[in-house]
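# Summary of structural features
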Amino acid sequence: MFHVEQPSAVIYKRSFDVIVVGAGHAGCEAALISAKMGCNTLLLTISVDKIAQMSCNPAIGGLAKGHLVKELDILGGQMAENIDQTGLQFKILNKSKGPAVWSSRAQADMDAYRLRMKKIIENQENLLTRQEMADELIVEDGHICGIVTNIGNFYQTKAVVLTPGTFMKGTIWIGMNKYSAGRAWEMPSQKLSDSLRKIGFAVGRLKTGTTPRLDARTIDFSKLEADWGDNPPVPFSFRINKIDRPIRPCYIAHTNKNVHDIIRKNLDRSPLYSGKITSIGPRYCPSIEDKVVKFPDRDSHHVFLEPQTAESTEIYPDGLSTSLPYDVQLAYLRAIRGLEDVEIIRPGYAVEYDFVPPTQLYPTFETKLVKGLFNAGQINGTSGYEEAAAQGIYAGINAACFVQKRSPLILNRNEAYLGVMVDDLVTKGTKEPYRMFTSRAEYRLMLREDNADIRLAQKAFDLGLMPKERYDEIMDREHRLAEHIKTIKKSYVVPSKINRLLQKQNISPVSDKTPMDKLLRRPQIDIKLFRKIYKTDCSDDELLRILYRIKYEPFIKKEQREIEKFTKSEKLKIPEDFSYERCSSLSIEVREKLNEIRPVTLGQASRIPGITPAAISILMIYIKRYRMLHKATEK
């Protein structure tokens, strides 16, 4: 029936709707959402003790990453609520700029985060967890139909979501010493990427790294600057109203010329600079070696000393990712003020791993080569917990939809940061670990953190991922806010009543009767002043939503006009069986690129690197001719 290379494989008595491979941040979200959608789901992991393990930094969120966490929260994900319940410090980044680029970030208690997620996984209905390694994918007639594991079990399934993280042929480097591991001191997956290659997938190689972990008892924190989070902290999850947890500080240190000199003198002992590592690392999260080499004029770089848990003495020095030998790591650490006597608990290291270039995926994250097979997380060439989790829930939803023969979830660039990331990956691919940034989104004012709930509520409700009570609550709130905005637009302020208030805040007075919405667009008007100007019983959250919409209304209208143009090109679907070889007016290079990506819409085709506007105009003509011909044939 099936060709299984492992002769001792035994067919497991139960079949599954969905199998998720890997229990990192992508795998957890994929498995949970698949099970919540009613699919009989199996989660395979190398170690059940490492479910939701934070392999690198002890934090969730950050610039643009916070947006992703908010979006997956609305889609029924777990990451936002989990960090709210286990965080050590919470902060809104970019507060000096406009709300479009405000991003939530939280320090995590890594142990508490992992254990809480493990408990949720273990208690989820329809979800079974097994400590086994996926070795071989079984495909029949172009469909995924099962997985063979390292202990000889053959699990039959209708869909698979691959989320192996950095474990596919993982290689750890500490100086010139290397060994096989997917994460420090954890066994890698040696056979899965071979199975993918045999099926016909292109497989590439990437690199990432992490910092040494330090003993807090050997750090002189009195020489360092304490960095406290926001008070009161703002939750990630829209389902949580208040965070009631002790807040802990981080500390800021700085590298110096002596540190940089030590690193420069030992670059020949770095596998990255001696040619041992040839794969490409993350441009936007460089190692300390990269920083010293690529920014020679910088005398200092920030180092953020972050607690890993509430109880442990381990400290994560964010900013010091490295693959240098242990003795060099210790030498440059001790050259930093406050760290003169520091001891290393675990050395930093680099890890190389296999990935599957994501241009081999449809916008649903289903592979083009095998039906029912979905990829999510670092296998797609991304970096970061948040990018992985968002991909995981997206792939998990679409795997469930595939099994249940429902319409898939497809998010456009104007709907979510998740939509931007998906489109970037499947259309442009990546040659280095992909990281989400607000600058990647064309419609940032429309894709704020605060409006993630209203942006995605309808899709979440339609998919059964949001209870009707919660959906009605959001819709009712939106109606109330719209009524408040109407009232404000009809209201005016007069000098005799408003100028004294403005002058107390050193804000220029008004000279005439002024529309209230025009006054509110002044940059100095914040929520405290807004509440004094506009008397209402709205909560602070509701008042902020109103203020944002009024302040940025002219710019939002401009973005909406751009979105209308974008939507037109996205609506023009390219037939699945459309042949680019017949488009003789297109260059061979353009046809090759279109054949490689197989875009779903004309809009996606326009975003393929190297496809010109002239080529899109020609392609549009061919598509229209194709449709006219098929209509005539049908008649």
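The present account deals with the structure reproduced in this document.

Conventions we followed
- Residues numbered from 1 in each chain as written.
- Predicted model: local features only at pLDDT ≥ 70, side-chain atom pairs only at ≥ 80, totals over all residues.
- Heavy atoms only, no water.
- Phe/Tyr/Trp six-rings, centres within 6.5 Å; stacked < 30°, edge-to-face > 60°.
- Helix = DSSP H or I, 4+ residues; strand = E, 2+ residues; numbered from the N terminus.
- Lys NZ or Arg CZ within 6 Å of the ring centre and 35° of its normal.
- Buried < 20%, exposed > 50% of the residue type's maximum accessible area, 1.4 Å probe, protein only.
- Pairing = 2+ DSSP bridges.
- Contact = heavy atoms within 4.5 Å.
- Salt bridge = Lys/Arg side-chain N within 4 Å of Asp/Glu carboxyl O.

### Remarks on the packing of aromatic side chains
Counting across every chain of the model gives 13 aromatic pairs. Aromatic side chains F221 and Y251 sit 4.7 Å apart centroid to centroid with 45° between the ring planes, which places their arrangement in the tilted category. Of this pair, F221 sits in the loop between β14 (213-215) and β15 (225-227) while Y251 sits in strand β16 (residues 250-254), placing them 30 residues apart in sequence. Counting every residue linked through ring pairs, the aromatic cluster contains Y12, F16 and Y155. Above the face of the F238 ring, K70 is positioned so that its terminal group lies 5.1 Å from the ring centre. Directly above the ring of Y622 sits R625, whose terminal nitrogen or CZ lies 5.7 Å from the centroid.

### Considerations on the pairing of strand β11 (residues 171-174)
Of the two faces of β11, the one holding T171 and W173 and the one holding I172 and I174 are both buried throughout. When β11 meets strand β12 (residues 177-180), the two strands line up antiparallel, connected through 4 bridges. Bridging across to β12, W173 finds its partner in K178. As consecutive antiparallel partners, β11 and β12 are separated by 2 residues, and within that stretch G175 has a phi angle of approximately 65°, a positive value.

### Focus on helix α13 (residues 495-504)
Considered for burial, the residues of α13 that qualify are I498, N499, L501 and L502. In this structure, the buried side of α13 is in contact with β22 (492-493), α14 (516-520) and α15 (527-533). Where α13 terminates, the next one or two residues include N506, which has phi positive at roughly 55°.

### Points about the environment of L572
Relative to the helices and strands, L572 is located in the loop between α17 (553-571) and α18 (588-597). It is 8.7 Å that separates the C-alpha atoms of L572 and M620, two residues lying 48 residues apart in sequence. When residues no more than four places from it in sequence are discounted, the contact partners of L572 are T601, L602, M620 and R627.

### Overview of the pattern of salt bridges
By the definition in use, this model includes 49 salt bridges. Close ionic contact of E483 with K486 constitutes a salt bridge, the shortest N to O distance being 3.7 Å. Placement of the pair is E483 and K486 together in helix α12 (residues 468-490), with a separation of 3 residues, close to one helical turn. Given the relative accessible area of 36%, E483 is considered partly exposed. Taking relative accessible area as the criterion, K486 reaches 48% and is therefore assigned partly exposed.

### Focus: the side chain of H301
Following the sequence through the fold, H301 ends up in the loop between α7 (288-294) and β17 (302-307). You can call H301 buried: its relative accessible area is 5%.

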